[in-house]
Amino acid sequence: MAEAADFQGTSASPARRWLRRTGALLAGAPLLAGLLQLPAATPAEAASSDPVTVSLDTLSPSAPGDGDTLTVSGTVTNNGKQPVTQAHVDLRVGPQLSTRSSIDNTARHSDDLQLGAGAEVGGKYVEKFTKLAPHVAQPFSISVPVDKLDLGADGVYQLGVSLSGQTAAQPWEQMLGIQRTFLPWQPSDADTKTKTTFLWPLISDVHMTAKTGAGELQTPVFLNDDLAEEIAPGGRLAQMLQLGKDLDVTWVIDPDLLASVDAMAKGYKIRGPGDTTTAGTHQAVAKQWLAGLQKAVTGKEVVALPFADPDLASLAHNGTSVTGSLSHLKDATDVAALTVKTVLHVTPSTDFAWPVAGAVDPSIIKVATSAGADNVIARSDSLQETAGLSYTPSAARPIGGGTTAVVADSRLSTAFEGDLTKAQSATLAVQQFLAQSLEVTAQTDDQRNIVIAPQRMPSPSQAQTMATALRTLQGGTWSQSQDLTAAAKAKPDPNATTRIPSSSSYPSALRRKELPKEAFQQIGRTQDKLANFQAILENQSRVVTPFGRAINREMSTSWRGRSTEAQDFRTGVENWLDDLADQVKLIDKSETKLSGRSATIPVTVQNNLVQPVGHLVLRLTSTMPTRLKIGGQAYYEQPVEVSGGHSQSVKFSTSANANGRVAVVAQLYTEDGQKYGDPVSFDVKVTEVTPTVMLVIGGGVLLLVLAGFRMYTQRKRAAARRAGGDGPDTAGGDDTDGPGNPDGPGDRLPEESGAGADDPKQPSDPAPDTAPESADPSGTGERVDR
């Protein structure tokens, strides 16, 4: 990349260019004189580390103006074994730095004794030490009016804090330690101010599981109580809120963070060992943080990332080959605006995608815009300039297809990374950031739009340093704040590159931390199980919402570099879904005996969920339909609906054609034909009607026939006698049973007084194991027998 800052802007006015050259020459003259006065370093000196460490802890004001007094403080520490005598701390103003690369170079060699240091301010603006004992830190503080620094034209100057003295081994005055930094000098308003957009990210790790309580409130279960620590006073997110509310920034928020804090405020539980949970106790902290955020974002631009901040690069490189993966990104985008509006009562922009570290390639751009985003936040160390521009171009770059790459400045965006817990690290970061910002403005008189996208989750010390720099920048004379949407819509520089780097140029260090393909396969498997489960539920939202958001969290950028934790989270979500789905199941059944040609077989469906289930079909299948048929065929299906916490017995009519054992399979299906749960198999032992029983029944039938024939013949003879004139039957008649009763009970056949002709059963007949019953299903109100 031909760095824009390496050349002075060609469009600057002649008077301004003359002032810059004059200032550089004037500043370089005392530096040259100072270098000539220094003794030549011996080879031993050149090879050794600095004898004294100079720590620059404060520099105020960071960007001084006319009439200000500059105060510098810190400590000096003698690293040698001998005392340093006749020591003094002094300020040194080096040459004006006219390119961004020169600022980088100075920062890399900030404590190098062998490089030029500039001329001492001297006079009374020094701090003297009679003796510096070995390994003892000594504080210093120097205040000097800015007009004593002999600063020239507007621009960035090197500022050194040095310690000079002598030792017993080298009894002459020499510079023994130095710390260089930068002094931005723009006392009056710049001719053209740079429009600067600073993203203020509110993003955290994943905290919520897929589990919720069984009650109406569905109390959420958290992985731990770390989020409470982050939002409590003094916590990372509490400080981000407190610092950001007074800054002119664009808030970039992960809706999952809002949903998690909102859930805490309503009551939550914390996962413990095994299946145990404990009640969370930080509802008041959550309510306070949300109330503060609602107030802070009022009237400010809020950009909502897709829910749970999905890892776009991982999805592009490893997830697109897995069916359904892109649908999760669309779902996460759709729910983002609703979540932010519900919790913060503001309407956010969902038109921005933010890949990790702003690193892009064609596949990332394609995925990033697949869910509807028209703007992709990239970074200039990824979308590098190739045209040799002498200035830093504006952020907006049209890259085709109606998509705009909003290219954040890499130097400014990475200025607050690393360990900034030490005062010196924070001070140097602030001064370097301000120096780079002023140098961007000084490159050309054309106004440009610069975007700064810092790390996603700044530490407390990083956040404090960012805020310090921003307060100076926003109160300064060369920059003016602008929202991200305005920066994206600004007129693009026609000379800026719009070429997206190839996939092979994607940083290997970032690629190694991506979610693997196996992660997306597991996510897809969980989604399929969820779709199958929700199809049977009467109140689908109780399951779809927590599991849908959990699947979004499985793709979160926060899992980068934490592969084990990511795997554990995905497995936990899938296992919990399996446990819930198993609450609706068939009850195991032992062998069933059938005696007789037909009978009814009951199969029990149990629902241990708190809500009703339906849209299920229970199929009972005979593996040997020639021997045993279900409902007159090989299998039979019946719809199933079961109330929450109940079971239902579904009854199937069967008919037997032959003796023997038949395996029968019961299986639940969803209405669309997908198997649900495990099948239940059991044997049905068919005992067909035996020959002996048939003989007994046949004999009984024969007796009935004979009795009927006898009665018929008797009545026929009696009728014949009456027709021949014998008159009515009288007592003493041969074929009568008594007066006026030709067929009295004294002559009745046994069949007519015992087991009737309509009841062929005999006392010796065995009762069937499964008696014929109604085939209608029982009601849904049967209680589970626990």
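Above this note sits the structure.
Residues numbered from 1 in each chain as written. Predicted model: local features only at pLDDT ≥ 70, side-chain atom pairs only at ≥ 80, totals over all residues. Heavy atoms only, no water.

Asks: Explain the overall build of the chain here, please?
Replies: When you go through the chain residue by residue, the secondary structure sums to 20 helices and 30 strands. Classification of the 786 residues of the chain by burial places 48% in the buried group. The contacts of the chain with a sequence gap of at least 6 include a subset with a gap of at least 24, amounting to 79%. For the chain, the accessible surface area stands at approximately 35700 Å², while carbon and sulfur atoms represent 52% of it. (Helix = DSSP H or I, 4+ residues; strand = E, 2+ residues; numbered from the N terminus. Buried < 20%, exposed > 50% of the residue type's maximum accessible area, 1.4 Å probe, protein only. Contact = heavy atoms within 4.5 Å. Areas by Shrake-Rupley, 256 points an atom, 1.4 Å probe, with all protein chains shown as cover.)

Asks: Would you explain the nonpolar core in this entry?
Replies: Across soluble globular proteins, you tend to see nonpolar side chains buried next to one another. Phe-533 and Leu-618 are the most contacted members of the largest nonpolar core, which has 76 residues in total. Considering each element in turn, this core owes the most residues, six residues, to helix H18 (residues 563-581). Once you skip the residues sitting within four places of it in the chain, Leu-618 turns out to touch Leu-586, Val-603, Val-605, Tyr-636, Glu-637, Gln-638, Val-640, Val-650, Phe-652, Ala-666, Gln-667 and Leu-668. Core analysis: the next-biggest nonpolar cluster, separate from the first, contains 64 residues, Ala-228, Ala-263, Phe-433 and Trp-478 among them. (Core = buried A, V, L, I, M, F, W, Y, C linked by side-chain atoms within 4.5 Å.)

Asks: So what exactly am I meant to see when it comes to the sheet that holds strand S23 (residues 592-595) here?
Replies: Within a sheet, neighbouring strands are paired by backbone hydrogen bonds and run either parallel or antiparallel to one another. Taking strand neighbours across the sheet as the criterion, the five strands line up as S23-S30-S29-S25-S27 in an open arrangement whose pairing is mixed. Each edge of the open sheet is held by one strand with a lone partner, namely S23 and strand S27 (635-642). Sheet twist, expressed as the average angle between the axes of neighbouring strands with direction ignored, equals 30°. (Pairing = 2+ DSSP bridges. Axes fitted to C-alpha atoms, helices over the stretch in contact; angles between N-to-C directions.)

Asks: Just to check I follow, could you spell out the side chain of Asn-449 for this structure?
Replies: Within the fold, Asn-449 resides in strand S20 (residues 449-452). Setting aside anything within four residues of it in sequence, one finds Asn-449 in contact with Lys-195, Ser-394, Ala-395, Gln-482 and Ala-490.

Asks: What am I meant to see in the pattern of salt bridges here?
Replies: Side chains that carry opposite charge are capable of pairing whenever their charged atoms lie near each other. In this structure the tally under the stated criterion is 23 salt bridges. Here Arg-549 ties to Asp-331 by a salt bridge, and the two come within 2.6 Å at their closest N and O atoms. Placement of the pair is Arg-549 in helix H17 (residues 541-554) and Asp-331 in helix H9 (residues 325-344), with a sequence separation of 218 residues. Residue classification places Arg-549 among the buried residues on the basis of a relative accessible area of 14%. The closest approach of N and O atoms between Arg-560 and Glu-514, which form a salt bridge, is 3.8 Å. Here Glu-514 lies in the loop between helix H15 (508-511) and helix H16 (517-534) and Arg-560 lies in the loop between H17 and H18, a separation of 46 residues in the sequence. Taking the relative accessible area as the measure of exposure, Arg-560 reaches 14% and is therefore buried. Judged by relative accessible area, which is 9%, Glu-514 ranks as buried. (Salt bridge = Lys/Arg side-chain N within 4 Å of Asp/Glu carboxyl O.)

Asks: Is there a simple way to explain the sheet that holds strand S24 (residues 598-607) in this structure?
Replies: In space, the four strands of this open sheet follow the order S22-S24-S28-S26, with antiparallel pairing throughout. Every interior strand has two partners, whereas the edge strands, strand S22 (584-586) and strand S26 (628-630), have only one. Within the sheet, the average angular offset between the axes of one strand and its neighbour, ignoring direction, is 30°. Looking at chain direction, S24 and strand S28 (residues 646-656) are connected through ten bridges and run antiparallel. Paired with Thr-604 across the strands is Ser-649, a residue of S28.

Asks: Looking at this model, I keep getting lost on the side chain of Thr-333. Mind explaining?
Replies: Turning to its location among the elements, Thr-333 is positioned in helix H9. At 2.9 Å, the side chain of Thr-333 and the backbone oxygen of Leu-329 are in polar contact. Residues in contact with Thr-333, not counting those within four places in the same chain, are Pro-306 and Ala-371. (Polar contact = N/O pair within 3.5 Å; in protein donor to acceptor, adjacent residues only side chain to side chain.)

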